[in-house]
Structure formats: C-alpha cells, structure tokens
Amino acid sequence: MYIIRADGNTAIGMGHVMRCLSIADAMVEAGIRPVFMTADRECVSMIENRGFEVYVLGTDYRDMESELPIIEQYIHAGNRQAGGQPVILVDSYQVTDAYYIGLRQMAKVACLEDMGRSYPVDLLINYNIYGPSLDYDNKRTYATLLGAEYQPLRKEFQQDIDYIVKDKITDVMITTGGSDPFFAAKAFTDAFLEEKKLQQEKIRYHIISGPFNTHAEELHQLYDMNPYVEIHEHVTCMKEIMKECDVVLSATGSTIYEVSALGIPLIAFYFAENQRQGAEMLSEITHVINCGNFAQDSKQVVEKAREALLHCLRQKKYRETLHREEKSLVDGQGAARIAKALIQLGSRE
C-alpha cells in the first residue's frame with residue numbers, strides 16, 4: 001500500500017499536489033498506483049482527473065496530528081502488499097515531529113522538505129538546488145535524497161524540450177504560481193506596459209492565472225481589451241505556452257525548474273520565506289536575476305523585474321547564457337528517481 005498525503009487549496013496553492021502527481025505518475029510507470037489522502041475536497045477533482053483515487057480525511061489541513069487515527073483505520077482496513085510495508089509520502093508545511101512519530105508506528109514514512117529541517121522519517125527528500133548545502137541530522141532521518149536531480153518535473157517537461165533563443169523578444173510569460181495573494185501579476189504587467197522601450201517592441205504578455213487566483217475576474221476586467229495581454233486559465237499544457245515565450249518571470253517554486261528544463265531565459269522573485277533559498281541559490285549559481293520578496297517590497301521587486309527584462313531585451317548573449325545555465329540544472333528524471341526510492345522503501349523490512 002502506497003499513500004501520498006498532500007493538500008491544495010486557496011491558502012497554500014497547488015504546488016504540493018502538483019509535484020506529488022508527478023511522483024505518482026512515475027510510480028504508475030514502475031507498476032505501483034498510489035492512493036492520495038487530502039484533508040478536504042478542494043484539490044480532489046485535480047487529482048481524480050489524473051486517474052488517482054483520493055481519500056478525503058475530513059480534517060483541518062493545519063492540524064495534521066488529528067488525522068492520525070483516521071489514517072491508522074484506513075491502513076488497517078486495507079490489504080497490505082505481500083512481503084512489504086505500507087509507505088506514506090507526506091508533502092506539507094503543517095507537519096510536526098509528533099505527526100511523523102505517529103505515522104511511523106503504522107508505515108514507512110517519506111517526506112518532501114525544503115526548509116532545511118530534519119524530521120524523524122525513513123526518507124527525506126529535498127529536490128531543490130540548495131538541498132545538498134543543508135545540514136540534515138542523519139540521527140533523525142534514515143536516508144536523504146538531496147538536490148535538483150530529484151526535481152519531480154511534470155511529464156510534459158521530461159521529453160521534447162528543444163528550445164531556441166530567438167533574436168528578438170516578442171512574448172513574455174508572467175506566472176505567480178497557483179495563487180496570487182498580493183496581485184503581483186497586475187503590478188508586473190502594468191510596469192512592463194508603461195515602459196516605453198518595451199512598448200516600442202510591441203511585446204505580448206502572457207499572464208498565467210492559477211486555479212486558486214482570487215484576482216482572476218479582475219485580470220479580465222483590466223486586460224481583456226488590451227491587445228498586448230493574454231490571460232491563460234485552466235492551462236492543460238504549460239509547456240506549449242512557455243515555448244512560445246522568450247522570457248519567463250516566475251515566482252520561485254517548481255515552475256523555475258520547468259522553465260529551466262526548457263532553457264527559457266528566466267527572471268525570478270518570491271513571496272515567502274520557504275521560496276527565498278531557492279531564489280538566492282539560483283542567482284548564485286546562474287546569471288538569473290533574483291528580484292526579491294514581493295510581499296515585503298513590491299515596488300523594488302517590480303523595478304528590478306523591469307530592469308531585468310530590459311537587460312534581456314538588449315542582450316541576446318545574456319539570454320543565451322541563461323539558456324545554457326538553466327538547462328544544466330535538471331534532467332527531467334527526478335520523479336522516476338523518487339518513485340524508485342519509495343518502492344524500495346516499501347520492500348524493506
């Protein structure tokens with residue numbers, strides 16, 4: 001029995017669920033079909049549309065310890081795989097040591113972690129570029145998988161990823177993730193539209209409006225009549241939109257690795273502390289510009305993004321450098337590596 005425990009909602013976005021779906025797809029290819037567990041129904045349709053069973057716990061996603069008795073009942077009611085143990089992969093920022101200790105009494109436990117905190121689990125996975133630099137306590141964690149080689153990219157970014165850097169910039173993507181709590185898309189779009197040098201190039205801006213974007217209607221009101229802005233909702237193939245773009249402005253998260261897999265020149269920013277390390281490390285090991293924390297200083301971040309886009313506009317060689325550097329970060333096989341490790345974990349006594 002393999003279980004993936006993850007949540008997605010308007011408060012936390014869909015990042016946890018999306019990366020777990022990539023791992024789940026890789027497990028299916030290896031002959032294992034996991035069951036998802038979620039606290040509530042907000043992300044159920046997204047998971048079911050990918051062909052996976054979802055067990056709704058009916059709990060508060062912020063109080064994970066309260067769900068332990070429910071998970072225990074579920075495991076006992078199920079049929080254990082012959083010769084193996086139940087395995088639970090957890091992806092949440094709401095976890096506690098007590099939660100993991102409780103889970104380990106009923107199953108082998110793996111977790112996705114990106115804040116540098118050691119947990120009492122059998123397998124800890126940090127797929128970020130800064131993962132290997134973190135000092136995890138091996139007395140608390142049985143094993144670790146660290147680094148971008150474990151980045152669980154969506155299947156579409158694991159194949160057919162040829163991309164050519166064009167001479168001129170004609171299309172720019174702006175993406176803030178599954179949600180946009182600070183309405184950053186408007187701030188960036190307005191700044192770019194108002195910049196005269198960008199106006200002269202007649203650049204088209206592609207705004208990705210995520211499934212939990214509470215400003216979606218306002219985006220349409222603002223830009224539907226603007227010939228230089230296109231709003232993309234309910235996107236089923238992000239890669240095809242990305243490949244049409246010459247620069248991507250993205251919040252730090254799984255999207256930066258998808259962009260890197262294609263090698264599209266990237267400009268990065270972030271909203272929260274858990275995204276800071278990724279943005280800072282990215283700018284350290286590549287020439288990608290980290291514009292900073294939008295939630296703390298939106299004006300400065302927008303100004304840096306405007307300058308970064310102008311730099312991309314002026315310098316094709318700079319964009320070619322970004323293309324090479326980004327392509328070297330990920331190879332698209334991270335989900336398969338994680339799936340293999342989880343299956344091996346289930347076979348251990």
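To keep things clear, this report deals only with the structure shown in the data block. It should be emphasised that the depicted structure is a prediction, and the values quoted were computed from it without experimental measurement.

## Comments concerning the packing of aromatic side chains
No. 1: Summed over the entire model, instances satisfying the criterion amount to 13 aromatic pairs.
No. 2: By way of ring pairs, the aromatic residues Phe-182, Phe-188, Phe-192, Tyr-205, Phe-269, Phe-271 and Phe-294 are connected into one cluster.

## Quick look at the environment of Lys-316
No. 1: Its location among the elements puts Lys-316 in helix 12 (residues 316-327).
No. 2: With relative accessibility at 26%, the residue Lys-316 sits in the partly exposed group.
No. 3: Lys-316 sits 149 residues away from Asp-167 along the chain, and the two C-alpha atoms are 6.4 Å apart.
No. 4: If sequence neighbours within four positions are ignored, Lys-316 has contacts with Val-165, Lys-166 and Asp-167.

## Comments concerning the sheet that holds strand 6 (residues 123-126)
The strands making up a sheet are joined through hydrogen bonds of the backbone, oriented either antiparallel or parallel.
No. 1: Spatially, 3-2-1-4-5-6-7 is the arrangement adopted by the seven strands of the open sheet, whose pairing is parallel. Of all strands in the sheet, those with a lone pairing partner are strand 3 (54-56) and strand 7 (143-146), marking the two edges. On average, adjacent strands in this sheet sit at an angle of 20° to one another, irrespective of strand direction.

## Observations regarding the packing of helix 5 (residues 184-194) against helix 11 (residues 298-314)
No. 1: Closest axis-to-axis distance for the helix 5/helix 11 pair is 10 Å, and the angle between their directions is 45°. With respect to helix 11, the axis of helix 5 lies oblique. Where helix 5 crosses over helix 11, the two elements pack in a sense that is right-handed. The segment helix 5 lies against helix 11, with Ala-187, Phe-188, Ala-191 and Phe-192 engaging Val-301, Val-302, Ala-305, Arg-306 and Leu-309.

## Here we look at the nonpolar core
No. 1: Tyr-100, Leu-103, Phe-188 and Phe-269 are the most contacted members of the largest nonpolar core, which totals 115 residues.
No. 2: The leading source of residues in this core is helix 1 (residues 15-29), at eight residues.
No. 3: If you look at the next biggest cluster of nonpolar residues, it comprises seven residues, including Phe-183, Ala-185, Tyr-223 and Ile-231.

## As for helix 10 (residues 273-285)
No. 1: Those residues of helix 10 that fall on the buried side of the exposure criterion are Asn-274, Gln-275, Gln-277, Gly-278, Ala-279, Met-281 and Leu-282.
No. 2: On its buried side, helix 10 packs onto helix 9 (254-262), strand 12 (266-270) and strand 13 (289-293).

## Considerations on the pattern of salt bridges
No. 1: Tallied over the entire structure, the rule returns 21 salt bridges.
No. 2: Between Arg-204 and Glu-230 there is a salt bridge, and its shortest N-O distance comes to 3.1 Å. In this pair, Arg-204 is assigned in strand 9 (residues 204-209) and Glu-230 in strand 10 (residues 229-233), connecting sequence segments 26 residues apart.
No. 3: In this structure, a network of salt bridges that share partners links the residues Arg-5, Asp-7 and Glu-67.

## What to know about unusual backbone geometry
No. 1: Positioned with a positive phi, Phe-183 is a non-glycine residue whose angle comes to about 55°.
No. 2: Of note, Phe-183 is situated in the loop between strand 8 (171-175) and helix 5.
No. 3: The phi torsion at Lys-202 lies on the positive side, around 50°, for a residue other than glycine.
No. 4: With respect to the helices and strands, Lys-202 occurs in the loop between helix 6 (196-200) and strand 9.
No. 5: With relative accessibility at 57%, the residue Lys-202 sits in the exposed group.

## A short note on empty space enclosed by the protein
No. 1: In total, this model carries one cavity of 30 Å³ or more according to the counting rule given.
No. 2: The space that makes up the largest cavity amounts to roughly 50 Å³.
No. 3: Asp-7, Ile-12, His-16, Tyr-61, Asp-91, Ser-92, Tyr-93 and Gln-94 together form the lining of the largest cavity.
No. 4: By residue class, the composition of the lining of the largest cavity is three nonpolar, three polar and two charged.

## Here's the deal with helix 11
No. 1: With 17 residues, helix 11 should cover 24 Å at 1.5 Å per step; its first-to-last C-alpha distance of 24 Å lies within 8% of that length.
No. 2: When helix 11 is considered as a whole, its buried residues turn out to be Val-301, Val-302, Ala-305, Arg-306, Ala-308, Leu-309, Leu-310 and Cys-312.

## Comments concerning the pairing of strand 1 (residues 2-6)
Here is the key point about a regular strand: its side chains alternate between the two faces of the sheet.
No. 1: Of all five residues making up strand 1, five are buried, and the element is well covered by its neighbours.
No. 2: Of the two faces of strand 1, the one carrying Tyr-2, Ile-4 and Ala-6 and the one carrying Ile-3 and Arg-5 are both buried.
No. 3: Here strand 1 runs beside strand 4 (residues 87-91); their pairing, made up of five bridges, is parallel. By the bridge assignment, Tyr-2 is partnered in strand 4 with Val-87.
No. 4: Looking at chain direction, strand 1 and strand 2 (residues 35-38) are connected through three bridges and run parallel. Counterpart to Ile-4 in the pairing with strand 2 is Phe-36.
No. 5: Assessed by its sense of winding, the connection that carries the chain from strand 1 through helix 1 to strand 2 is right-handed.

Rules of the game
- Residues numbered from 1 in each chain as written.
- Predicted model: local features only at pLDDT ≥ 70, side-chain atom pairs only at ≥ 80, totals over all residues.
- Heavy atoms only, no water.
- Phe/Tyr/Trp six-rings, centres within 6.5 Å; stacked < 30°, edge-to-face > 60°.
- Helix = DSSP H or I, 4+ residues; strand = E, 2+ residues; numbered from the N terminus.
- Buried < 20%, exposed > 50% of the residue type's maximum accessible area, 1.4 Å probe, protein only.
- Contact = heavy atoms within 4.5 Å.
- Pairing = 2+ DSSP bridges.
- Axes fitted to C-alpha atoms, helices over the stretch in contact; angles between N-to-C directions.
- Parallel < 35°, antiparallel > 145°, perpendicular 65-115°, else oblique.
- Left-handed = near helix turned anticlockwise from the far one by under 90°.
- Core = buried A, V, L, I, M, F, W, Y, C linked by side-chain atoms within 4.5 Å.
- Salt bridge = Lys/Arg side-chain N within 4 Å of Asp/Glu carboxyl O.
- 1 Å grid on protein atoms, 1.4 Å probe; cavity = no way out; pocket = protein on both sides within 12 Å on 5 of 7 lines; lining within 4 Å.
- Points joined across faces, edges and corners; volume = space filled by probe spheres on them.
- Nonpolar A, V, L, I, M, F, W, Y, C, P; charged D, E, K, R; others polar.
- Expected span 1.5 Å × (residues − 1).
- Right-handed = clockwise from strand over helix to strand, strands pointing away.

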